Amino acid sequence: MPQVKLAPSILTADFGRLADEVRAAEVAGADILHLDVMDGRFVPNITFGPLLVEALRKVTKLPFDLHLMIVEPERHLDAFAETADTINVHIEVSPHINRTLDTIHRLGKRAGVCLNPGTSVAAIEESLPDADQVMVMTINPGWGGQQMIPRQLEKVARIRKLLDAGGYGADIEIDGGVKAGNALQCARAGASVLVCGSSVFNREKSVAESVAALRAALG
Ligand code: DX5
Ligand code: ZN
């Protein structure tokens, strides 16, 4: 099994000391920083936009994995082009996904396609050759700290088979409810990147302890 990457999400971090939280994740050995942009329309919650992402760009060298939970994501790609490394858009709000992925590539970024728990694999199947990443939501997006919907791991396994059969190199990223207790299961289902929100930024353990626990669980 190839090395699985850990992508802490700042959603449950302390926003009053966000720079310190991000630096702690980098020092702890995180591979990627996952940034959840929500618009109060595609999902009920509202988080942050390009200004915050630009501010964080100055405090860490970690690659930025941008998760756009917004309607009409194609209208905002330019605004994130300077700061993101990977831009992920939801299939449910991207009727012209091929064009959207192409636009992201033209901006010089990796392009990801995300699907909600209620969206079937068929919806993204035609995008597999064009995507650098498929993000499988294992919760209904909107908040951190939810329980993983275990059945979604079967979906991950199906996407892994399709990628392997087609010879496509896209990463599979799992987002939602990843914990030390299920990280290995996620990797075995075929994920190569795990988003870790409340399992990294929480009140029980330090960021360093949390990242170490996830690494240990992956073996
Ligand atoms: C939720 C976000 C997630 C969130 C995950 O809509 O997309 O990235 O931060 O948080 P946990 O890991 O706590 O489920
Ligand atoms: Zn996310």
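Here's a quick rundown of the structure. All values derive from a computational prediction rather than experimental measurement.

The rules behind these values
- Residues numbered from 1 in each chain as written.
- Chains lettered and ligands numbered in written order.
- Predicted model: local features only at pLDDT ≥ 70, side-chain atom pairs only at ≥ 80, totals over all residues.
- Heavy atoms only, no water.
- Helix = DSSP H or I, 4+ residues; strand = E, 2+ residues; numbered from the N terminus.
- Rg over C-alpha atoms; globule rule 2.2 N^0.38 Å.
- Buried < 20%, exposed > 50% of the residue type's maximum accessible area, 1.4 Å probe, protein only.
- Contact = heavy atoms within 4.5 Å.
- Pairing = 2+ DSSP bridges.
- Axes fitted to C-alpha atoms, helices over the stretch in contact; angles between N-to-C directions.
- Right-handed = clockwise from strand over helix to strand, strands pointing away.
- Phe/Tyr/Trp six-rings, centres within 6.5 Å; stacked < 30°, edge-to-face > 60°.
- Near = heavy atom within 4 Å.
- Polar contact = N/O pair within 3.5 Å; in protein donor to acceptor, adjacent residues only side chain to side chain.
- Areas by Shrake-Rupley, 256 points an atom, 1.4 Å probe, with all protein chains shown as cover.
- Nonpolar A, V, L, I, M, F, W, Y, C, P; charged D, E, K, R; others polar.
- Donors = N, O, S within 2.8 Å, 3.2 Å for Na, K, Ca; no water.
- Tetrahedral: all angles 85-135°; square planar, octahedral: opposite > 155°, others 65-115°.

## Focus on the overall build of the protein chain
Helix and strand counts for the protein chain stand at eight helices and eight strands. Here the C-alpha atoms of the protein chain give a radius of gyration of 16 Å, agreeing with the 17 Å that 2.2 N^0.38 yields for 219 residues. Seen along its three principal axes, the alpha-carbon backbone of the protein chain occupies a region of about 40 × 35 × 30 Å. Burial statistics for the protein chain: of 219 residues in total, 52% are counted as buried. Summarising the internal contacts of the protein chain: among those between residues at least 6 apart in sequence, 62% fall at separations of at least 24.

## Focus: the sheet that holds strand 3 (residues 64-69)
In space, the eight strands of this open sheet follow the order 1-8-7-6-5-4-3-2, with parallel pairing throughout. The sheet terminates laterally at strand 1 (5-8) and strand 2 (33-38), the two strands that pair on one side only. When the angles between neighbouring strand axes are averaged without regard to direction, this sheet yields 25°. Relative to strand 8 (residues 193-196), strand 1 is paired through four bridges, and the arrangement is parallel.

## Let's talk about the pairing of strand 4 (residues 86-90)
Most of strand 4 sits inside the fold, with five of its five residues counted as buried. Neither face of strand 4 is open: one carries Thr 86, Asn 88 and His 90, the other Ile 87 and Val 89, and all of them are buried. Note: strand 4 against strand 5 (residues 110-115), five bridges, orientation parallel. By the bridge assignment, Val 89 is partnered in strand 5 with Val 113. Read from strand 4 through helix 4 (residues 97-106) to strand 5, the crossover connection turns out right-handed.

## Looking at the packing of aromatic side chains
What characterises a pair of aromatic rings is the spacing of the ring centres plus the angle enclosed by the ring planes. Per the counting criterion, the structure on display carries one aromatic pair. Ring centres of Phe 15 and Phe 48 lie 6.3 Å apart, and the angle between their planes is 40°; on these two criteria the pair is classed as tilted. Of this pair, Phe 15 sits in the loop between strand 1 and helix 1 (18-27) while Phe 48 sits in the loop between strand 2 and helix 2 (50-57), and the two are 33 residues apart along the sequence. Judged by relative accessible area, which is 10%, Phe 48 ranks as buried.

## Things to note about the pairing of strand 6 (residues 133-137)
Two faces, one strand: in a regular strand the side chains alternate between the faces of the sheet. Where burial is concerned, most of strand 6 is hidden: five out of the five residues are buried. Residues Gln 133, Met 135 and Met 137 of strand 6 are buried on one face, and the alternating residues Val 134 and Val 136, pointing to the opposite face, are buried as well. With four bridges connecting them, strand 5 and strand 6 associate as parallel partners. If you follow Gly 112 over to strand 6, its bridge partner there is Gln 133. Taken together, the five bridges between strand 6 and strand 7 (residues 171-175) define a ladder with parallel strand orientation. Across the sheet, the residue bridging to Val 136 is Ile 174, located in strand 7. Between the parallel elements strand 6 and strand 7, the chain passes through helix 6 (residues 152-166) in a crossover that is right-handed.

## Details of the site of ligand 1
Taken together, 21 residues sit near ligand 1, with Ser 9, Gly 145, Asp 175, Gly 177 and Ser 198 positioned nearest. His 34 is positioned with one of its side-chain polar atoms (N or O) 3.3 Å from an oxygen atom of ligand 1. In the model, an oxygen atom of ligand 1 is placed 2.8 Å from a nitrogen or oxygen of the Asp 175 side chain. Coverage of ligand 1 by the protein chains reaches 100% of its 380 Å² of free accessible surface. Every element with two or more residues in the shell around ligand 1 is listed here: strand 2, strand 3 and strand 8. Considering every element that reaches the shell around ligand 1, the biggest residue donor is strand 2, with three residues. Split by residue class, the shell around ligand 1 holds nine nonpolar, 10 polar and two charged.

## Notes on the coordination of the zinc ion (ligand 2)
The textbook angles at a metal center are 109.5 degrees for a tetrahedron of four donors and 90 or 180 degrees for an octahedron of six. Protein coordination of the zinc ion (ligand 2) is provided by His 34 (NE2), Asp 36 (OD), His 67 (ND1) and Asp 175 (OD), with donor distances spanning 2.0 to 2.3 Å. Between the six donor atoms coordinating the zinc ion (ligand 2), the angles at the centre fall across 72 to 170°, so the site counts as octahedral. A relative accessible area of 0% places His 67 in the buried class.

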